[in-house]
Amino acid sequence: MHTLFWILIFLATYCLMEFMAWFTHKYIMHGFLWSLHKDHHNKDHDSWFERNDAFFIFYAVVSIVFFLLWKYTSFWAGLPIGLGIFAYGVSYFIVHDIFIHQRFKMFRNANNWYAKGVRRAHKIHHKHLGKEDGECFGMLFVPFKYFNKQ
């Protein structure tokens, strides 16, 4: 029974992180912390690193805190929560930084329906260079309309 709860908490955390990514992106990155996110929309720098990477570091720290809670307290759910956040971070990094933005030159030829839909949704998001009037703030689960276009 404990294993089932562990798996359910891990999966729930992973799915909740998509909502957290959407919420953070829409209301924080395109809101009061636009100063950290704007270099991701406006490539006016030569560095491989962006101020926007601070958000990735923030969620890594949150994940580590849950690992530490599991290790040093009796909070057993800290492990599946920490792993769920970590797994989402890895997924996000692969899809967003590697596949879409090609920060590492991999997965260039991915052309299945999911890859096309996610790439299309992100391209639509980035056509807005300012913090206003954005659309499609999610990453792994994007609206179906981006999958239906040919």
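Here goes a summary of the coordinates provided.

### Structural notes on the environment of Gly134
For step 1, the next point in the chain: Residue position: Gly134 is located in the loop between α5 (113-126) and α6 (145-148).
For step 2, the next point in the chain: Separated by 104 residues in sequence, Gly134 and His30 have C-alpha atoms that sit 8.3 Å apart.

### With respect to helix α3 (residues 53-72)
Note on helix geometry: an α-helix contains 3.6 residues per turn, so any two residues three or four positions apart are oriented the same way.
For step 1, the next point in the chain: An ideal rise of 1.5 Å per residue puts 28 Å on 20 residues; α3 measures up with 29 Å between its terminal C-alpha atoms.
For step 2, the next point in the chain: The complete set of buried residues in α3 reads Asp53, Phe55, Tyr59 and Ser63. For α3, the arc enclosing every buried residue in end-on projection is 160°, short of the 170-degree limit, so these residues lie on one face. Looking at α3, the residues exposed on the side facing more than 90 degrees away from the buried face are Ile57, Lys71 and Tyr72.
For step 3, the next point in the chain: For α3, the secondary structure elements touched by its buried residues are α1 (2-32), α2 (34-41) and α4 (78-100).

### Considerations on the nonpolar core
For step 1, the next point in the chain: Tyr88, Val95, Ile100, Val118, Met139, Leu140 and Val142 are the most contacted members of the largest nonpolar core, which totals 22 residues.
For step 2, the next point in the chain: Of all the elements in the fold, those that place two or more residues in this core are α1, α4, α5 and α6.
For step 3, the next point in the chain: Considering every element that reaches this core, the biggest residue donor is α4, with 8 residues.
For step 4, the next point in the chain: Among all residues touching Leu140, those that are not within four sequence positions of it are Tyr14, Glu18, Tyr88, Ser91, Val95, Tyr114 and Val118.

### A closer look at the packing of α3 against α4
For step 1, the next point in the chain: Axis separation between α3 and α4 bottoms out at 7 Å; the angle between their running directions is 155°. Relative to α4, α3 is oriented roughly antiparallel. In terms of crossing hand, the pair formed by α3 and α4 is left-handed. Where α3 approaches α4, its residues Phe56, Tyr59, Val62, Ser63, Phe66, Phe67 and Trp70 are matched on the opposing element by Gly78, Leu79, Ile81, Gly82, Leu83, Ile85, Phe86, Gly89 and Phe93.

### Re the packing of aromatic side chains
For step 1, the next point in the chain: If you walk through the whole model with that rule in mind, you get 11 aromatic pairs.
For step 2, the next point in the chain: Aromatic side chains Phe56 and Phe93 sit 6.0 Å apart centroid to centroid with 45° between the ring planes, which places their arrangement in the tilted category. Within this pair, whereas Phe56 is found in helix α3, its partner Phe93 is found in helix α4, the two being separated by 37 residues in sequence.

### A few points about α2
For step 1, the next point in the chain: Among the residues of α2, Trp34, His37, Asp39, His40 and His41 are the ones counted as buried.
For step 2, the next point in the chain: Buried residues belonging to α2 abut α1, α3, α4 and α5.

Basis of the calculations
Position numbers for residues count from 1 along each chain, tracking the sequence in the order it is written. Per-residue local features are limited, in this predicted model, to residues with pLDDT of at least 70; the limit for side-chain atom pairs, both in listing and counting, is 80 or more; totals at the level of whole chains, interfaces and linings are taken over all residues. The basis for every side-chain value is the complete set of non-hydrogen atoms in the structure, without hydrogens or water. A run of H or I in DSSP counts as a helix once it spans at least four residues, and a run of E counts as a strand once it spans at least two, with each numbered from the N terminus. What a helix should span is 1.5 Å times the count of its residues minus one. Exposure is judged per residue with a 1.4 Å probe applied to protein chains only, and the accessible area is read against the type maximum: over 50% gives exposed, under 20% gives buried, and values in between give partly exposed. Think of it as the arc spanned by the lines of direction from the helix axis to the C-beta atoms. Two residues qualify as a contact provided that any one of their heavy atoms is within 4.5 Å of a heavy atom in the partner residue. Grouping buried Ala, Val, Leu, Ile, Met, Phe, Trp, Tyr and Cys residues that are joined through side-chain atoms within 4.5 Å yields what is termed a nonpolar core. Axes here mean lines fitted to C-alpha atoms, for a helix over just the part in contact, with angles spanning 0 to 180 degrees between N-to-C directions. To sort the angles, those under 35 degrees are grouped as roughly parallel, those over 145 as roughly antiparallel, those from 65 to 115 as roughly perpendicular, and the leftovers as oblique. Helix crossings are classified by the rotation of the near helix relative to the far one: an anticlockwise turn of less than a right angle makes the crossing left-handed, while a clockwise turn makes it right-handed. Each Phe, Tyr or Trp ring (for Trp, its six-membered ring) is paired with any other whose centre lies within 6.5 Å, and the angle between the two planes then decides the class: stacked below 30 degrees, edge-to-face above 60, tilted in between.

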